[in-house]
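Listed here are the chains, written in short residue letters.
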Amino acid sequence: MCGIIAAVAKCNITKILLQGLLRLEYRGYDSAGLAIVDKHGNVKRLRCLGKVKNLIKKTEKENLMGVIGLAHTRWATHGIPSEINAHPHISEYIFVVHNGIIENHEQLRKKLISYGYYFTSETDTEVIAHLLHLKQKQQGGSLLEVVLKTIPQIRGSFGMVIMDSRNPSILVAVRVGNPLVIGCGTGENFVASDQLALLPLVNSFIHLEEGDIAEISQNKISIFNIRGKIVNRDLIKSNISHDITSKGIYNHYMQKEIYEQPIAIKNTLIGRCTNKEIDFSELGVNIGIFLKKVKHIQIVACGTSYNSGMVSRYWFESLAKIPCDVEIASEFRYRTLQVRKNSLLIALSQSGETADTLAALRLSKRLNYIGSLAICNVLCSSIVRESDLYLITKSGVEIGVASTKTFSTQLTVLLMLVIKLGSLNGMQLELQHNIIKAIKMLPHRIEQVLTKDKLIKAIAKDFFDKNHALFIGRGDHYPIAMEGALKLKEISYIHAEAYAAGELKHGPLALIDNKMPVIVIAPNNKLLKKLKYNIEEVRTRGGLLYIFTNQDIGFKNNEYNMKIIQLPYVESVTAPIFYTIPLQLLSYYVALIKCRNIDQPRNLAKSVTVE
Ligand code: M6R
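Report follows, based on the coordinates. Bear in mind the structure is a predicted one, so any value in this text is a computation, not a measurement. All chains use their own residue numbering, which begins from 1 and follows the written sequence. The model is predicted, so local features are restricted to residues of pLDDT at least 70 and side-chain atom pairs to those at 80 or more, both for listing and for counting; the totals for chains, interfaces and linings are taken over all residues. Hydrogen atoms and water are omitted, and side-chain values are computed over all heavy atoms in the structure.

### A few points about the nonpolar core
It is characteristic of soluble globular proteins that their nonpolar side chains tend to be buried jointly. What counts is decided by this rule: In this text, buried Ala, Val, Leu, Ile, Met, Phe, Trp, Tyr and Cys residues form a nonpolar core when linked through side-chain atoms within 4.5 Å. Throughout, exposure labels follow a simple rule: accessible area from a 1.4 Å probe, protein chains only, divided by the maximum for the residue type, with under 20% read as buried, over 50% as exposed, and the rest as partly exposed. Per the convention used, a helix needs a DSSP run of H or I reaching at least four residues, while a strand needs a run of E reaching at least two, with both numbered from the N terminus. When checking whether two residues touch, look at their non-hydrogen atoms; a contact exists if any pair is within 4.5 Å.
The biggest cluster of nonpolar side chains holds 89 residues, and the ones touching the most others in it are Phe316, Ile346 and Phe471. The biggest single contributor to this core is helix 18 (residues 575–593), with 12 residues. Phe471 has contacts with Ala481, Gly484, Ala485, Leu488, Ala496, Glu497, Ala498, Tyr499, Ile519 and Leu583, leaving out every residue within four places of it along the chain.

### Some points on the site of the ligand
Quick note on the threshold: Residues are labelled near a given molecule or strand when at least one of their non-hydrogen atoms is within 4 Å of it. Under the rule applied, a polar contact is a pair of N or O atoms within 3.5 Å (in protein, one hydrogen donor and one hydrogen acceptor; residues adjacent in sequence only if both atoms are side-chain atoms). In short, Shrake-Rupley with a 1.4 Å probe defines the accessible areas, and a residue's cover is counted only from the protein chains shown. When residues are grouped by polarity, Ala, Val, Leu, Ile, Met, Phe, Trp, Tyr, Cys and Pro land in nonpolar, Asp, Glu, Lys and Arg in charged, and all others, Gly among them, in polar.
Around the ligand sit 14 residues in total, of which Ser305, Ser349, Gln350, Thr354 and Glu490 are the nearest. Here an oxygen atom of the ligand and a side-chain polar atom of Ser351 are 2.7 Å apart. Separating an oxygen atom of the ligand from a side-chain N or O atom of Thr354 is a distance of 2.4 Å. Contact with the protein chains covers 92% of the free accessible surface of the ligand, which is 410 Å². Every element with two or more residues in the shell around the ligand is listed here: helix 9 (303–320) and helix 16 (478–492). The element that contributes the greatest number of residues to the shell around the ligand is helix 9, accounting for three residues. Among the residues making up the shell around the ligand, the classes are represented as four nonpolar, eight polar and two charged.

### Section: the layout of surface pockets
As a reminder, the rule being used: Definitions used throughout: a 1 Å grid over protein atoms alone; a cavity as a set of points that fits a 1.4 Å probe which cannot get out; a pocket as an open set with protein on both sides within 12 Å along at least five of seven lines; a lining residue as one with an atom within 4 Å of a point. Grid points are joined across faces, edges and corners, and a volume is the space filled by probe spheres set on the points.
Approximately 1000 Å³ is the volume found for the largest pocket. Lining the largest pocket are 43 residues, and of these Gln195, Ile240, Val378, Leu379 and Cys380 sit closest to its centre. When residues of the lining of the largest pocket are traced back to their parent elements, those giving at least two are strand 11 (204–207) and strand 14 (236–237). Broken down by element, the residue count for the lining of the largest pocket peaks at three residues, all from strand 11.

### Overview of the pairing of strand 20 (residues 468–473)
The cut-off we apply is this: Here, any two strands with at least 2 DSSP bridges between them count as paired. Handedness of a crossover: with both strands directed away from the viewer, a clockwise path from the first strand across the helix to the second marks it as right-handed.
With five of six residues buried, strand 20 is to be regarded as a mostly interior element. Relative to strand 21 (residues 495–500), strand 20 runs parallel, the two being bridged by six bridges. Of the residues in strand 21, the one forming a bridge with Leu470 is Glu497. Crossover strand 20 to strand 21 through helix 16 is right-handed.

### Quick look at the side chain of Asp194
Looking at the secondary structure, you find Asp194 in the loop between strand 10 (189–192) and strand 11. One polar contact links the side chain of Asp194 to the main-chain amide nitrogen of Leu196, over a distance of 2.9 Å. Filtering out sequence-adjacent residues up to four positions away, Asp194 remains in contact with Leu24, Tyr26, Arg27 and Val181.

### Brief notes about empty space enclosed by the protein
In this approach the atoms are scanned with a rolling probe the size of a water molecule, which exposes any empty space left behind. Applying the stated criterion across every chain, the model contains two cavities of 30 Å³ or more. In this structure, the largest cavity encloses a volume near 70 Å³. As for the largest cavity, its lining consists of 14 residues, and the residues nearest its centre are Cys2, Thr77, His87, Gly100 and Asp124. Sorting elements by how many residues they give to the lining of the largest cavity places strand 6 (residues 94–102) first, with three residues. Here the lining of the largest cavity is composed, by residue class, of four nonpolar, eight polar and two charged.

### Digging into the sheet that holds strand 17 (residues 343–349)
What counts here: Here the axes come from fitting lines to C-alpha atoms, over the contacting stretch only for helices, and the angles between their N-to-C directions go from 0 to 180 degrees.
Pairing is parallel in the open sheet, where five strands are placed in the order 16-15-17-18-19. Either end of the sheet is taken by a strand with one partner, and the two such strands are strand 16 (324–328) and strand 19 (389–392). Geometrically, the sheet is characterised by an average inter-axis angle of 20° between neighbouring strands, direction not taken into account. Looking at chain direction, strand 15 (residues 296–301) and strand 16 are connected through five bridges and run parallel. Directly across from Val300, in strand 16, lies its bridge partner Glu327. Seen against the sheet, helix 9 touches strand 15, strand 16 and strand 17 and runs at an angle of roughly 170° to strand 16.

This is how it looks when you write it as structure tokens:
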């Protein structure tokens, strides 16, 4: 949600801020803005509705020069996307960019109005600017002192950077609930909501921790806790290259990330999957003893991560014989929970910053869980840092808003965990070895299914004029239907729903007519026979069937209203991962022919750091 970049340097920072915003745009893209101050305190603020490119156009008309400044790309929470609601927000000389939500903004707004403050936007952020200004007027002091005195009055979650244009040498950054990272240079320093924005500039980073307040100048960074006591934070050297954010030969990040899945899975397996066993020694020497105690698994996650948790439930229960529940984090966090004995909480998240998943993890700490395990793609994320244990999916940076490669690598890690827990729970050696063999074959199987790209592209044309679609599957492929439907709606804006195929007759069959596409995930497994009855139910009612299968299912391509997408062989256990790939391609090509903004679909952001 929202992207922040700020800089204090000797040179003109306009380009740095704009380039940083472009790299952050995947986090929010409904409006953008920046404020820059030159050495003499002359300040310029520019804002615009829409994408960063609009802001760049605006800056081209001005000769912007400045050594300190803040910039922001917004994903609206309070106040519609508009120029007046775009950040930075100001109160005379106080400038603020903010990511998060101020929960008591209405109450603060009333108070500030009674003091004579006039609001120009509908945002909660403007409240912060005026509040800081008021505190400054009433009590004086440096920007840092004013911030320290003001923070206790603000409730909610916020990552923010503040600047006082009268003192164009200091930035103050605050992290309460929303991540911020400082990029440390020589004679210049930066702050951003995501390390990605700073990769071309520096390779040393300080990740602010909860409640940290940093005072940043060209040559000095001081970090304090909420009570104003100085704290030490590690300086982390990064070897991530900024090239990782290039699209290479692909047209979109999503396309690139779909094609990166074989290598992402290979990387996720390295060092963890030998021919005979799963090696999770990265979890500590006593991990075997700990995992042996686990008698129940509770997964919490959102969106695509939730879907991968749903797949793993079938695996945990059928293969490792461990009961498993999966819940949407935003529900879990507000429910009265009855925790099972020896239950391990797994927080699944690509970003590691999803607010609801993080809150669910924090809640679990106050309950009787045996421990928490994060399965996450970002090592320095909040969810990883706050979990007892973590396993990183080695997908590399995922930029497309639609999760693709992180779904398949999450499933890869989960399946390894199934084997590990299974081996401690009496799983037959032969079964363990067969699953390991299947996982090791997976990158190759995915390369093979990717060769169906053109076929799927051709089928996508059928969806050009469609407004609805149903996805059906059974067993561990029901969550794959859910994932297929989520991908399609997310990037093509076609309304799509998933059903466990056996449920059709309990309502959804009423939707079937010759305009309704029904996408069937039909792998060769023990439920195929049952699934064929469900196909028949749709066929006899004239529905448009698109059947993804690697079996002769007894129907011919183009017979009735039926298209069969014949896929290569895959082992049963890894079939859910394999079958996801053609569905990702289908969504991608449908969105392409509908001319959607594939990497930045409307109303969405990559990392959902607000509730
Ligand atoms: O970073 P997370 O995995 O925690 O994100 C959860 C969801 O916001 C995310 O999976 C979302 O549903 C994706 N955009 C779907 O493609």
